[in-house]
Amino acid sequence: MAAFFTTYGFLIVSMLLGAMLGMSLYLPLMTGQLSLASPGFYALGGYIAAILSTTVFKPTGGLFPLPLLLVEMIIAGVVSGLLGILVGIPALRLSGIYLAIATIAFVEILRVLSLNLDITGGAVGIFGIPQPFVTPIEIKYLWIVLPLLLVSMGIVYRLERIRVGRAFAAIRADELAADAIGINPTFYKVLAFTLGAVLAGVVGAVSAHFLNTWNARQGTFDASIIYLTSVLIGGSRTFLGAVLGGMVFTALPEVLRGMATIQGLPIWLAQFLRDGRLIVFGLLIVLGTIFFPQGLVKPELLKRWRKGDRTSV
């Protein structure tokens, strides 16, 4: 087991982080808003943790204290949430592809700022982010990331079943009808957008320590496409689809790179498998929207599964 985690520990933790980032994009989708802003908040949370841990909370020696990591996660979540409100109020007046373009612009603005500010390390980024664990680091991070994923799933699961979740679903089904029955679409859309921002910021804070370095490549348009693919293919009608898609599509580039090393493959195919992941993701989005418009994990599938369990009992 130790050898397994030594080999695949980094990938497993990355998959769990990817699952939470998938949920951060799924939250605005609960109100029917196609937001691609999650990578921006993810990058922001990472920069907050990187700056705090290397300047304000810089340890004088030894390991980085876990309570301070928790403080960084809270600060990253709060700042990302406040920025989410500021961005969400004007941006969520848009919808569909126009909202997607606006949130992509937001991600690019943050990326350009991070490339040109001294506090973010410019194009080089921030290195030597202190670790709260000694080796094997990947196994230790599972004790943070796995509970965080389970708590996030529990919150979203509960959210879908209370009044707020029902308001989200009503707005997604028909915003005008929801407004007519007394639901405030602007409030609930901004709330969903902000919750996604908070989750992405917290994940970014953990990821900065996990990766030990942070730069502008962490929040890019490429990342937006990956997270969008994970939600659309995994399932955009239930958070389980976002979790599954986030895990699968985080691992997919590594799988493709592994396939590229198979003996006997043509050089052009091996090169495509190594460097053409965005093309693969684009093809999957096109094919998925045609053949699986609600994703692989659909609410009807879950209902049939639960009904089968009750029948068997």
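The structure reproduced in this document is the subject of the present report. In this text, all values refer to a predicted model and were calculated from it rather than measured experimentally.

Further remarks concern the environment of T103. Looking at the secondary structure, you find T103 in helix α4 (residues 96-116). For T103 and G77, which are 26 residues apart along the polypeptide, the C-alpha to C-alpha distance reads 18 Å. Contact partners of T103, with chain neighbours within four places excluded, come to L34, S35, L36, A37 and F193. For T103, the side chain forms a polar contact with the main-chain nitrogen of L36, separated by 3.0 Å.

Okay, the nonpolar core next. One finds L17, M20, M23, V206 and W214 to be the most contacted residues of the largest nonpolar core, which totals 87 residues. It is helix α8 (residues 185-211) that provides the largest number of residues to this core, a total of 13 residues. With sequence-adjacent residues up to four places away left out, M20 is seen in contact with V145, L148, L149, S152, L199 and V203.

Moving on: the packing of aromatic side chains. The final tally for this structure, using the stated rule, is nine aromatic pairs. Seen from their ring centres, F10 and F210 are 5.0 Å apart, and the 20° between their planes marks the pair as stacked. Taken together, the residues span a long stretch of sequence, with F10 in helix α1 (residues 2-29) and F210 in helix α8 at a distance of 200 residues. Residue F10 is classed as partly exposed on the basis of its relative accessible area, which comes to 42%. Its relative accessible area of 7% is what places F210 among the buried residues. A centroid spacing of 5.0 Å and a plane angle of 40° characterise the contact between F41 and F106, whose relative ring orientation is tilted. With a gap of 65 residues between them, F41 in helix α2 (residues 38-56) and F106 in helix α4 connect regions that are remote in the sequence. Of the two residues, F41 and F106, neither departs from the other in class, the shared state being buried. Taken together, F10, F133, Y141 and F210 form an aromatic cluster joined through their ring pairs.

It is possible for side chains of opposite charge to pair when their charged atoms get near one another. As enumerated under the stated definition, the model contains four salt bridges in all. Between E254 and R257 there is a salt bridge whose closest N-O contact spans 2.5 Å. With E254 and R257 both in helix α10 (residues 239-260) and three residues apart, the pair spans about one turn of that helix. Its relative accessible area of 40% is what places E254 among the partly exposed residues. Judged by its relative accessible area of 31%, R257 falls in the partly exposed class.

Here we come to the packing of α2 against α4. Taken N-terminus to C-terminus, the directions of α2 and α4 make an angle of 30°; their axes are 8 Å apart at the nearest point. Considering their axes alone, α2 and α4 lie roughly parallel with respect to each other. Here α2 contributes P39, G40, F41 and Y47 to the contact with α4, which in turn contributes F106, V107, L110 and S114. Split by residue class, the contact of α2 with α4 holds six nonpolar, two polar and no charged.

This part is about helix α3 (residues 66-91). Under the 1.5 Å per step criterion, the end-to-end length of α3 is 36 Å for 26 residues, consistent within 8% with the ideal 38 Å. If you check which residues of α3 are buried, you get L69, E72, M73, A76, G77, S80, G81, G84, V87, G88 and A91. Contact partners of the buried residues in α3: α2, α4, α5 (137-159) and α8.

Moving on: unusual backbone geometry. One non-glycine residue with positive phi stands out, namely N212, at about 70°. Within the secondary structure layout, N212 lies in the loop between α8 and β2 (213-214).

Applying the stated criterion to the full structure yields one cavity of 30 Å³ or more. Space inside the largest cavity adds up to approximately 40 Å³. Lining the largest cavity are S24, P28, S35, A37, S38, F41, F193, G196 and A197. If you list the elements that add at least two residues to the lining of the largest cavity, you get α1, α2 and α8. Here the lining of the largest cavity gets three residues from one element, more than from any other, and that element is α8. Across the lining of the largest cavity, the residue classes tally to five nonpolar, four polar and no charged.

Within the secondary structure, L44 sits in helix α2. L44 sits 67 residues away from R111 along the chain, and the two C-alpha atoms are 9.4 Å apart. Not counting residues within four places of it along the chain, the set of residues in contact with L44 comprises V79, S80 and L83.

Cut-offs and rules
- Here the residue index of a chain counts from 1 through its sequence in written order.
- Where totals are concerned, whole chains, interfaces and linings use all residues; where local detail is concerned, this predicted model gives features only for residues with pLDDT of at least 70, and gives and counts side-chain atom pairs only at 80 or more.
- As a convention, hydrogens and water are excluded, and side-chain values are obtained from all of the structure's heavy atoms.
- Think of it this way: any DSSP run of H or I at least four residues long counts as a helix, any run of E at least two long counts as a strand, and we number them from the N terminus.
- Contact between two residues is taken to exist if any of their heavy atoms lie within 4.5 Å; hydrogens are not considered.
- Under this definition, polar contacts are N or O atom pairs within 3.5 Å; protein pairs additionally need one hydrogen-donor-capable and one acceptor-capable atom, and for neighbouring residues in sequence, both atoms have to be side-chain atoms.
- As used here, the term nonpolar core means buried Ala, Val, Leu, Ile, Met, Phe, Trp, Tyr and Cys residues forming a set that is joined through side-chain atoms within 4.5 Å.
- Relative accessibility under 20% of the residue-type maximum defines a buried residue, over 50% an exposed one, and the middle range a partly exposed one, all with a 1.4 Å probe and only protein chains included.
- Stacked, tilted and edge-to-face are the three classes assigned to paired rings of Phe, Tyr and Trp, where Trp is represented by its six-membered ring and a pair needs centres within 6.5 Å; plane angles under 30 degrees give stacked, over 60 edge-to-face, the rest tilted.
- Throughout this description, the term salt bridge denotes a Lys or Arg side-chain nitrogen within 4 Å of a carboxyl oxygen of Asp or Glu.
- Axis angles are defined between N-to-C directions and span 0 to 180 degrees, where every axis is a line fitted to C-alpha atoms and, for a helix, only to the segment in contact.
- Here roughly perpendicular refers to angles of 65 to 115 degrees, roughly parallel to angles under 35, roughly antiparallel to angles over 145, and oblique to all remaining angles.
- The classification used treats Ala, Val, Leu, Ile, Met, Phe, Trp, Tyr, Cys and Pro as nonpolar, Asp, Glu, Lys and Arg as charged, and all other residues, Gly among them, as polar.
- Multiplying 1.5 Å by the residue count of a helix minus one yields the expected span of that helix.
- Only protein atoms enter the calculation, which uses a 1 Å grid: trapped sets of points that fit a 1.4 Å probe without letting it out are cavities, open sets showing protein on both sides within 12 Å along at least five of seven lines are pockets, and any residue with an atom within 4 Å of a point is a lining residue.
- Grid points are joined across faces, edges and corners, and a volume is the space filled by probe spheres set on the points.

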